[in-house]
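Here is how the chains run, residue by residue.
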Amino acid sequence: MFTINDNYNNEELKTSGAIRKSGVYTMKCTRAKIYKSANTNSESLGLTFEDKDGQKAWFSIWYKNKDGEDVEFATRHINHLLALCDINKNNMNWDKDGNIISLIGKFVGIILEVNKGTDYNDSSKEVYEYRLQGFYDYKTNQTIKEKRDNAPAVIVNKYVEKYQNAQEVVLNNNTGSNNNNANDLGMGATLNNDDELPF
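Bear in mind that the values here come from a model prediction, so they are computed numbers and not experimental data.

Basis of the calculations
Residues numbered from 1 in each chain as written. Predicted model: local features only at pLDDT ≥ 70, side-chain atom pairs only at ≥ 80, totals over all residues. Heavy atoms only, no water. Helix = DSSP H or I, 4+ residues; strand = E, 2+ residues; numbered from the N terminus. Expected span 1.5 Å × (residues − 1). Contact = heavy atoms within 4.5 Å. Phe/Tyr/Trp six-rings, centres within 6.5 Å; stacked < 30°, edge-to-face > 60°. Buried < 20%, exposed > 50% of the residue type's maximum accessible area, 1.4 Å probe, protein only. Salt bridge = Lys/Arg side-chain N within 4 Å of Asp/Glu carboxyl O.

Draft legend 1. Up close: helix α1 (residues 72-84). Between its first and last C-alpha, α1 extends 18 Å over 13 residues, near the 18 Å set by a 1.5 Å rise per residue. Among the structural elements, β2 (43-50), β3 (56-64), β4 (107-118), β5 (126-136) and α2 (144-148) are those in contact with the buried residues of α1. Of the residues flanking the end of α1, it is aspartate 86, one or two places downstream, whose phi is positive at about 55°.

Draft legend 2. Here's a closer look at the packing of aromatic side chains. What the rule picks out here adds up to 4 aromatic pairs. Between phenylalanine 49 and phenylalanine 135 the ring centres are 6.1 Å apart and the planes differ by 50°, which places this aromatic pair in the tilted class. Placement of phenylalanine 49 in strand β2 and of phenylalanine 135 in strand β5 is noted, with a sequence separation of 86 residues between them. One exposure class covers both phenylalanine 49 and phenylalanine 135, and it is buried. Note on phenylalanine 107 and tyrosine 138: the rings are 6.1 Å apart at their centroids and 50° apart in plane angle, and the pair reads as tilted. Here tyrosine 138 lies in the loop between β5 and α2 and phenylalanine 107 lies in strand β4, a separation of 31 residues in the sequence. Classification of phenylalanine 107 as partly exposed rests on a relative accessible area of 42%. The class of tyrosine 138 is partly exposed, set by a relative accessible area of 30%. Taken together, the ring pairs connect Phe49, Phe59 and Phe135 into an aromatic cluster.

Draft legend 3. View of the pattern of salt bridges. Using the criterion set out here, one finds 9 salt bridges in the structure. A salt bridge links glutamate 50 to lysine 56; the shortest N-O distance between them is 3.8 Å. For glutamate 50, a relative accessible area of 25% translates into the label partly exposed. In this structure, aspartate 137 engages lysine 147 in a salt bridge whose closest nitrogen and oxygen atoms are separated by 2.5 Å. Of this pair, aspartate 137 sits in the loop between β5 and α2 while lysine 147 sits in helix α2, and the two are 10 residues apart along the sequence.

And the structure:
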């Protein structure tokens, strides 16, 4: 039998939605899919992550530019993610649709900067724009390099301090929703940013 506890009746209902504050998050990968541009040779890894409260963030890491050349910083991010999830070329599995099955359900630490942006398809609509700062081991707070060098967790701790007073980003759209549709959540793919990351 379940436990009767009236204290639960004093809590507000938690709703899921978009991550709205820059910060350091432990998240589970719920989507990892390779996308290829129809008009150029660019390619991206589309990722969706969800935290324990159901808050989501998603973005694309463009690892090939329009000419099909590697984007080194983006490729570095993807390699960090795979290494932190113990995935390598020998055990990575994907399906015929480009979904990287090996990443689904894996937990990882993510450093995100959240800003207000404009919807790609509707310039009158604001969206949450996520700038991936990096991935880390959520159990130790170490980056992959710190982990391999058996070094203390310095980088993530700096970001925790940097974002401790981060303000929630508020969109000025007339319609709002808490469903899981990317457009309704105001989530958009962003370019990668390599500011301040030494790894």
